[in-house]
Each structure stands twice: as structure tokens, then as C-alpha cells.
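Listed here are the chains, written in short residue letters.
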Amino acid sequence: MQAIIPENITTDTISLPELAAKDVQIDILRLDKIHPVISGNKWFKLRYYLEDAIKLGKKHILTFGGAWSNHIVATAAACKYHRLNCTGIIRGEEPARYSATLREAVSYGMQFHFSSRPDYADKKIPDALNAADTYIIPEGGYGTLGAQGASAILQYCEQSSYTHICCAVGTGTMAAGLIRAANAGQRVIAFSVLKNNYQLTDAIHSLINVEKEFTLIHDYHFGGYAKYTPALISFINQFYRQTTIPLDFVYTGKLLYGIISCVKNEVLPPGARILAIHSGGLQGNTSMPKGTLIF
Ligand SMILES: *Cc1c(COP(=O)(O)O)cnc(C)c1O
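Keep in mind it's a predicted model, so treat the numbers as computed, not measured. All chains use their own residue numbering, which begins from 1 and follows the written sequence. Given that this is a predicted model, residues contribute local features only at a pLDDT of at least 70 and side-chain atom pairs are listed and counted only at 80 or more, while totals for whole chains, interfaces and linings are drawn from all residues. Calculated side-chain values reflect all of the structure's heavy atoms, with hydrogen atoms and water omitted.

(A) Broad picture of the nonpolar core. As used in this record, nonpolar core signifies buried Ala, Val, Leu, Ile, Met, Phe, Trp, Tyr and Cys residues forming a set joined through side-chain atoms within 4.5 Å. When accessible area is computed with a 1.4 Å probe and restricted to protein chains, residues below 20% of their type maximum are described as buried, those above 50% as exposed, and intermediate ones as partly exposed. Judged by nonpolar contacts, the single largest core of 58 residues is most densely connected at Ile 61, Ile 153, Leu 178 and Ile 277. What counts as a helix is a DSSP run of H or I of at least four residues, what counts as a strand is a run of E of at least two, and both are numbered from the N terminus. In terms of residue count, the dominant contributor to this core is helix 3 (residues 70–81) (seven residues). Those residues in contact with Leu 178, other than ones at most four positions away along the chain, are Ala 150, Ile 153, Leu 154, Ile 165, Cys 167, Val 188 and Ile 277. Listed in part, the 36 residues of the second largest apolar core include Leu 19, Ile 189, Ile 217 and Tyr 251. Contact between two residues is taken to exist if any of their heavy atoms lie within 4.5 Å; hydrogens are not considered.

Given below as C-alpha cells:
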């Protein structure tokens, strides 16, 4: 297994004409460089769950996700790293051919239980898997321990240089961690990749346990979770040509599209110093037809 190397994280300043026009700086925190498959933010979010499991003497990790889930493959890799057994409860019937994500998870030793959509929605766990030595990590790593792990992300940059910290949001766990770690006067702007998921505000508040403001933006989902449009794809390709930074189409592509739009319309104010979290997810690009992206 390829090593997981947090020291590989860099902060890359990007240079684009539309940013210079507004005297805005965007630095990208490259959590994607930790490992080619394990999404950067997932590594951070899993940390305290796994420590908790080990402390409690659990031998078997169980979690939930879809066939292209970054969380599933990251959990599989992290369990291999910690020598824990693991099972993924996967949404939907067992496919004739596994996705690249599931194949990768199998290569790390994960076992699967395929769950019908209604059972998956209820997060049903078969009795055989629900033993005393099993530790359950919630879907997507959502929870206080996940947020606690994500709050360490900002230790990998010169945090005080930024006025705004921007991230993509699925469950809101990473955003909650960043909000907890943000300095007074530093604003977290979180871009939801789900369509009209207005319960996110409460979901995030319940993980930050202090009164802190943040901004949640719902305008850049491109049709919904894992949906995309030609405009998004051409943006990701153009961004790669201009910066040589690869983005994924589920999270970070929508994030950067959103940030740059908000610079143009001054929702992000002229003069802003923005840290954008590249939370990884590049493995998910293999779900698109070959040739869609230029990298
Ligand atoms: C899971 C994931 C997110 C979303 O993180 P949440 O904590 O669920 O909001 C963002 N970016 C990438 C690349 C991810 O894999």
C-alpha cells in the first residue's frame, strides 16, 4: 500500500486574471497530496474514530457508503493501516462488475454487505455483523469525532494569513471542524454539493458546540450530488490548464467554480485572502467516461 504522507501537503497560490482584477488571493491547501486514493479530508475525519475503536478494543470497523464513495475507500485503507478488519455496507444490489472504488477497497481487505435501498436508508445492520467487537463509523464520517479530526487541517498552513476559508460540504463534518478551528474574524464559507440540503445548517451547528457564524452557499450543486454539466467539466479542464491542479467533479470542482464566481460577484469581497481546501476525491473521477477530463 502506498504510504500516507501528510508532510506532502502544500499551499499553492493560484494566479488567474479574474482574481487579480479584484485583488483577491486564493491559496489551495492540497490535502489531495497525502495519498492518491485516500481523500485528504477523509484521512483527517477518520482519525479519532479509529483511535476510539482501538482504545475500546474493537476489532472490526463497519461503515456505510455508495459504490463510488471516497469515505468507503478511505476507511478501507485506514483500517489496513491500523490492522483492523472492516466491512462496508454498500448502497444497492451487488453489481456484476465492481466500480474502481470498490475494487480498491477490496484490495485493502474490506468486506462488503450490499444493502437494498430501503434497508440502506434505514442504516440496517445484519445481525451477523453487529457483534460486540464491532465499531460503527457513521456514513460519511459525520459526527463530533469526525469534526474534531477535521479541525487539525488548518495546522498544515499559515492559518493567520487568511480572511476566508472555503470548503466543499457533503455531510458538513469537515466544515464544522474548520469553523471550530477558525480564528476570530476569519470566515468559513462552505459550498454544499447537494441540492437544496437546507438541514445542513443545523447539522453543522450541532457539531461545533460553540456559537460561531459561518456561511453556507447552496448555489453550486450543478444538479445535485455527483451530478455534472458541460459547464462544470469545461471549468475543471480550464482550471487544470491554468494551474496544473486537478479537481474532482463531485466536490472540489464545484467548490472552485463557486469560489471564483463569488469573487466575480463580490460575495467574496475585493482584497480577500482565501484559503480553499482541496479535500481530495480525485479517485471518484474514474466514474466518468474516459476522456471527459484532460488529466
Ligand atoms: C467527503 C468529501 C467532502 C465532504 O466532507 P464532509 O465532511 O462530508 O462535508 C469534501 N470533499 C471531498 C473530496 C470529499 O471526499
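On we go.
(B) Spatial organisation of helix 4 (residues 100–107). Listed in full, the buried residues belonging to helix 4 are Thr 101, Leu 102 and Ala 105. Taken end-on, helix 4 shows its buried residues confined to a sector of 95 degrees, consistent with a single buried face. On its buried side, helix 4 packs onto helix 3, strand 4 (85–91) and strand 5 (111–115). Where helix 4 ends, the next residue or the one after it, Gly 109, has phi of about 100 degrees, a positive value. Our arc is simply the arc of the directions from the helix axis toward the C-beta atoms.

(C) Quick peek at the sheet that holds strand 6 (residues 134–136). The criterion for strand pairing is that DSSP finds at least two bridges linking the strands in question. Overall, parallel pairing links the four strands, which are arranged 5-4-3-6 in an open sheet. Looking at the sheet topology across the chains shown, the edges are occupied by strand 5 and strand 6. The mean inter-strand angle of the sheet, taken between neighbouring strand axes irrespective of direction, is 25 degrees. One ladder, built from five bridges, connects strand 4 with strand 5; its direction is parallel. By the bridge assignment, Arg 91 is partnered in strand 5 with Ser 115. Along the sheet, helix 3 makes contact with strand 3 (60–65) and strand 4, crossing strand 3 at roughly 165 degrees. Angular values range over 0 to 180 degrees, each being the angle between N-to-C directions of two axes fitted as lines to C-alpha atoms, with helices fitted over their stretch in contact.

(D) Seen up close, the site of the ligand. Being near a molecule or strand, for a residue, means having at least one of its heavy atoms within 4 Å of it. In the vicinity of the ligand, 15 residues are found, and the nearest of them are Lys 42, Asn 70, Gly 170, Thr 171 and Ser 279. Here an oxygen atom of the ligand and a side-chain polar atom of Lys 45 are 2.8 Å apart. Residue-level accessible areas treat just the shown protein chains as cover; the underlying method is Shrake-Rupley with a 1.4 Å probe. Summarising the interface, the protein chains cover 98% of the accessible area of the ligand, which totals 380 Å² for the free molecule. Listed by contribution, the elements that provide at least two residues to the shell around the ligand are helix 2 (40–55) and helix 7 (173–181). Element by element, the count of residues in the shell around the ligand is highest for helix 2, at three residues. Residue polarity is assigned by list, with Asp, Glu, Lys and Arg as charged and Ala, Val, Leu, Ile, Met, Phe, Trp, Tyr, Cys and Pro as nonpolar; anything else, Gly included, falls into the polar class. Partitioning the shell around the ligand into residue classes produces three nonpolar, 10 polar and two charged. For this analysis, a polar contact is any N or O atom pair within 3.5 Å, provided that within protein one partner can donate a hydrogen and the other can accept it, and provided that sequence-adjacent residues contribute only side-chain to side-chain pairs.

(E) Focus on the sheet that holds strand 9 (residues 215–217). In space, the six strands of this open sheet follow the order 1-2-10-7-8-9, with mixed pairing throughout. One side of each edge strand has no neighbouring strand; the edge strands of this open sheet are strand 1 (11–14) and strand 9. Between one strand axis and the next, the sheet turns through 25 degrees on average, direction left out of account. Two elements, strand 2 (residues 25–30) and strand 10 (residues 273–278), share six bridges in a ladder whose sense is parallel. What sits directly across from Leu 29, in strand 10, is Ile 277. Each of strand 7 (164–169), strand 8 (187–192) and strand 10 touches helix 7; the most contacted strand, strand 7, lies at about 165 degrees to it.

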